[in-house]
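Chain by chain, the residues run as shown.
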Amino acid sequence: MHFLDPVSPAILSKVMKPARYTGYEWNSVVKDLKPAMVNFVLAMPDVYEVGMSNLGLKILYQILNQRADTFAERTYAPWVDLEAEMRNAGIRLYTLETKRPVAECDIIGFSLQYELSYSNVLNMLDLAGIPLLAAEREATQPLVACGGPCAFNAEPMTDFVDFFILGEAEEVISEVAAAIADWKLSGKLNGKAGILRQLAELQGVYVPGFYEAEYDAAGRWAGICTDIPEAKQTISKRVIPDLDQVMFATKPIVPFIEIVHDRIMLELFRGCTRGCRFCQAGVLYRPVRERNIETLLGYVQALIDNTGYNEISLVSLSSADYSCLSPLINRLTTRFKPQGVSVSLPSLRIDSFSIDLANQVQQVRKSGLTFAPEAGTQRLRDVINKGVTEADLIEAVSAAFRAGWSTIKLYFMIGLPTETDEDIAGIAALAQQVADLYKQIKGRRGAKVTVSVSSFVPKPHTAFQWFGQNSVEEIERKQRLLRSLIKDRSLSLSWHDARTSFLEGVFSRGDRRLGKVLLRAWQNGVKFDGWSDHFRYNIWMDAFAAENVDPAAYASRNRDIDEALPWEHLSSGVDKSFLVREWQAAQQGAFTPDCRHKECGACGVCRNLDVKVVDWGQA
């Protein structure tokens, strides 16, 4: 069965980037629809260019479509111009592959990459004609699932989602598809509750409707309870012990328009044991598991053959930490340079950089380099356990300038625990030192140094999860201070809106009571909150007031170590005792070494999840 394209050329001619909505891209999959087949929709609550750049969705698309009993399609958030046209014409949200209504599928799975996308989830469900509240959806309507890093504090979204998947989904996604296939064959035995009970038994699956939230006399989160036998007290994440044994996205869809990551995305490894105390991903994706270099080379050949891309981006949490990086780049450039294929590296740790590495990468194409000192002073870098020094940065940047680079981007955060104005001034001083270094080496000015400053948001499952976020006013004061200190024309400064960071902080450490705020704010018009020109701070504040919810109580309040937290039943595998030790070490500026190369830090993840570090450099 095939559906007529619901959006006519006349409508597409009125909107920006109509190729976002046409489908038919190279490598997209279309199957014949059969009643017994599981109709899966993979969704990103953001625009096409962002969703198409998500590596996780690329992998799941290929895994699901390899199953004979499953057909995975895609949908993304229509930009506001097309949404207006669709609502005016009564057009429901549809899939790109067959153009059928999303509401006719069995399951829609959203990837939650950041909290400011939550309003778009509601908007997409509404545009699809699917009831927003999970309790109001029946067995004849799609199941709504969510995964991604935000699933590790699922509570603010529990009113709207049937189940969450925690961790790496390569294996569990097939288990979910198989369970739904069997449920359909049974005639949807026991209705929606029947399939959710089956899914709740899978490791890594959280069905929030099976739990009641409890609060103490002071109104603070006290925990969850359930009387459903299949519902576990603690839901542990899924983890892939050997990445070489699971499918990778070797045949990704090639878009007709430029997307955010419009190149081959080669994932070298998962996890990071450097132990930066602010970093949620560093906890959620532990332990480090590298792919074998031969596996990676095989992927690259397949990706070039299947896509025609001429750039390979080496992606991981800290790509320069791949133990076989130098031989990998050497073999990539030797093998693919004659074909005009270049290699690029994203943000680099400043202690991993080397002249050899710089020279290897620049053989084909030279672009700007990005380093992330994160903090302006050594004292604060010690607090966050960055493990790098000013000398490391100077050495790395010197190597880059001598190798021919002149454009450097430096990432920092403000609002970190224990931060003072001296730390803010340290950012400006360090950036100036980098700019001056170019003149010392080259004998002339000409460096372009971009200082990118984000506002720190304390995240669940990190050592800083108890820290109260700086207020909007305090962040803005620090931004003004930093602006006043950067005067050199070779330096440019960019920063994030403090109000969006505040809202992110509210939902990051929020609980179920935020669901009613989210619903009211969406009803009053919020969407695309991650896009500055569409962010409506006043609507959000009005929604908090109308629902009698104090946002600062979530974002700005320091939490007690012994206080129950809304995400403690969702386990990353890391022990709370480890995070407490790291929080206390931060107060003392004490360094915790990388357990990959030094002694085990006893975070608990390997023991709790029966998984080991995979380091091919030490094999």
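The coordinates are above.
A quick note: this is a predicted structure, and the numbers were derived from the prediction, not measured. Every chain's residues receive numbers from 1 upward, in the order its sequence appears when written. Only residues with pLDDT of at least 70 get local features here, since the model is predicted, and only at 80 or more are side-chain atom pairs given and counted; chain-wide, interface and lining totals rely on the full set of residues. Note: side-chain values were computed over all heavy atoms of the structure, leaving out hydrogens and water.

Quick one: what's the story with the overall build of the chain, residue by residue and with numbers?
A tally of regular secondary structure across the chain gives 21 helices and 19 strands. The globule rule puts the C-alpha radius of gyration for 619 residues at 25 Å, and the 24 Å found for the chain is close to it. Counting only C-alpha atoms and orienting by the principal axes, one finds that the chain spans roughly 75 × 65 × 50 Å. To sort residues, take the accessible area from a 1.4 Å probe on protein chains only and compare it with the maximum for the residue type: under 20% means buried, over 50% means exposed, and anything in between is partly exposed. In the chain, which comprises 619 residues, the share counted as buried stands at 59%. Residues count as neighbours in contact if any of their non-hydrogen atoms are within 4.5 Å of one another. Counted over contacts in the chain with a minimum sequence separation of 6, partners at least 24 positions apart contribute 78%. For the chain, the exposed area adds up to about 24000 Å²; of that, 50% sits on carbon and sulfur atoms. Residues scored as charged are limited to Lys and Arg (positive) and Asp and Glu (negative), so that His and the chain ends carry no count. Charge placement uses NZ in Lys and CZ in Arg. For Asp and Glu, CG and CD serve respectively. The positive charge centre, built from 68 side chains, and the negative charge centre, built from 75, are 5 Å apart in the chain. In DSSP terms, a helix is any run of H or I states spanning at least four residues, a strand is any run of E spanning at least two, and both are numbered starting from the N terminus. Atoms counted for the radius of gyration: C-alpha only. Globule rule: 2.2 Å times the number of residues to the power 0.38. Only the protein chains shown count as cover for residues, with accessible areas throughout obtained via the Shrake-Rupley method and a probe of 1.4 Å.

Tell me about the sheet that holds strand β14 (residues 342-344), residues and numbers included.
The pairing of strands in a sheet happens through backbone hydrogen bonds and is either parallel or antiparallel. One bridge is not enough; two strands pair if DSSP finds at least two bridges between them. Spatially, three strands are ordered β10-β13-β14 in an open sheet, and the strand pairing comes out parallel. For this open sheet the edge positions go to β10 (264-267) and β14, each flanked by a neighbour on one side alone. With direction set aside, neighbouring strand axes in the sheet form an average angle of 30 degrees. Relative to β14, strand β13 (residues 311-315) runs parallel, the two being bridged by three bridges. From the neighbouring strand, Glu311 faces β14, where its bridge partner is Ser342. To get an axis, a line is fitted to the C-alpha atoms, and for a helix only the part in contact is used. The angle between two axes follows their N-to-C directions and goes from 0 to 180 degrees. Packing against the sheet, helix α10 (residues 325-336) makes contact with β13 and β14, and its axis sits at approximately 170 degrees to β13.

Requested: an account of the pairing of strand β17 (residues 448-455), with residues and values cited.
When you tally the buried positions in β17, you get six out of eight residues, the bulk of the element. Where strand β16 (residues 407-414) lies against β17, eight bridges are found, and the strand directions are parallel. Counted as the bridge partner of Ile408 is Val449 from β17. With strands facing away from the observer, any crossover in which the path from the first strand over the helix to the second runs clockwise is taken as right-handed. Tracing the backbone out of β16, into helix α14 (residues 421-442) and back to the parallel element β17 gives a crossover that is right-handed. By the bridge criterion, five bridges tie β17 to strand β18 (residues 491-495) in an arrangement that is parallel. Pairing of Val449 across the sheet is with Leu491, part of β18. A crossover connection joins β17 to the parallel β18 through helix α15 (residues 472-485); in handedness this β-α-β unit is right-handed.

Before we move on, can you summarise the pattern of salt bridges with the specific residues and values?
A side chain with one charge can pair with a side chain of the opposite charge if their charged atoms come near. By definition here, a salt bridge exists when the distance from a side-chain nitrogen of Lys or Arg to a carboxyl oxygen of Asp or Glu is within 4 Å. Taken as a whole and judged by the stated rule, the model has 43 salt bridges. We note a salt bridge from Glu175 to Arg238, for which the minimum N-O separation is 2.9 Å. You can see Glu175 sitting in helix α6 (residues 172-185) and its partner Arg238 sitting in the loop between β9 (235-236) and β10, a full 63 residues away along the chain. On the basis of relative accessibility, which here comes to 30%, the residue Glu175 falls in the partly exposed class. On the accessibility criterion, Arg238 (10% relative accessible area) is buried. Residue Glu230 is joined to Arg197 by a salt bridge in which the shortest nitrogen-to-oxygen separation is 2.9 Å. Pair noted here: Glu230 is in the loop between β8 (221-225) and β9 and Arg197 is in helix α7 (residues 191-200), with a separation of 33 residues, a long-range link. Arg197 sits in the partly exposed class, given a relative accessible area of 30%. Taken together, the salt bridges that share partners define one network made up of Glu168, Glu170, Glu267, Arg270, Arg289 and Arg291.

Kindly report on the nonpolar core, identifying the contributing residues and their values.
Counting residues in each nonpolar core, the largest one holds 177 residues, and the members touching the most others are Phe110, Phe163, Leu314 and Trp540. Sequence-distant contacts of Trp540, that is, excluding residues within four places in its chain, are made with Ser119, Leu503, Phe507, Val517, Leu518, Ala521, Val526, Asp529 and Phe535. Residues belong to a common nonpolar core when they are buried Ala, Val, Leu, Ile, Met, Phe, Trp, Tyr or Cys residues joined through side-chain atoms within 4.5 Å.

So what about the packing of aromatic side chains? Which residues, and what values?
Paired rings are identified among Phe, Tyr and Trp, the last through its six-membered ring, by centres lying within 6.5 Å, and are further divided according to the angle between planes into stacked (under 30 degrees), edge-to-face (over 60) and tilted (the rest). Within the structure shown, the criterion is met by 17 aromatic pairs. Ring geometry for Tyr206 and Tyr211: centres 5.2 Å apart, planes at 50 degrees, overall tilted. The burial state of Tyr206 is the same as that of Tyr211; both residues are buried. Measuring from centroid to centroid gives 6.3 Å for Trp540 and Phe544, while their planes differ by 35 degrees, and the two rings are tilted. Residue Trp540 and its partner Phe544 are located together in helix α18 (residues 537-546), separated by four residues, close to a single helical turn. Accessibility assignment for this pair places Trp540 and Phe544 in one class, buried. Chaining the aromatic ring pairs together yields one cluster made of Tyr118, Phe507, Trp540 and Phe544. Looking at Lys99, its charged tip hangs above the ring of Tyr24, at a distance of 4.0 Å from the centre. It is Arg596 that lies over the ring of Phe269; its NZ or CZ is 5.7 Å from the centre. Comment: the charge-over-ring label is applied if NZ (Lys) or CZ (Arg) is within 6 Å of the ring centre and within 35 degrees of the ring normal.

Tell me about the sheet that holds β16, and name the residues and values.
With parallel pairing, four strands are arranged side by side in an open sheet as β15-β16-β17-β18. Of all strands in the sheet, those with a lone pairing partner are β15 (369-374) and β18, marking the two edges. Between one strand axis and the next, the sheet turns by 20 degrees as a mean value, whatever way the strands run. Alignment of β15 against β16, held across four bridges, turns out to be parallel. Within β16, the residue paired with Glu374 across the bridge is Phe412. The strands touched by α14 are β15, β16, β17 and β18; relative to β16, the strand with the most contacts, the crossing angle is about 170 degrees.

Break down unusual backbone geometry for me, with residues and values.
The amide bond that connects Arg286 to the next residue, Pro287, takes the cis arrangement and shows omega of -10 degrees. Along the polypeptide, Pro287 turns up in the loop between α8 (281-284) and β12 (289-290). Within the chain, Asn27 stands out as a residue other than glycine whose phi angle is a positive 80 degrees. Along the chain, Asn27 turns up in the loop between α1 (9-12) and β1 (38-44). We note that Ala602 has phi near 60 degrees; this positive angle belongs to a residue other than glycine. As for its placement among the helices and strands, Ala602 is situated in the loop between α20 (576-588) and α21 (605-609). Ala602 sits in the partly exposed class, given a relative accessible area of 39%.

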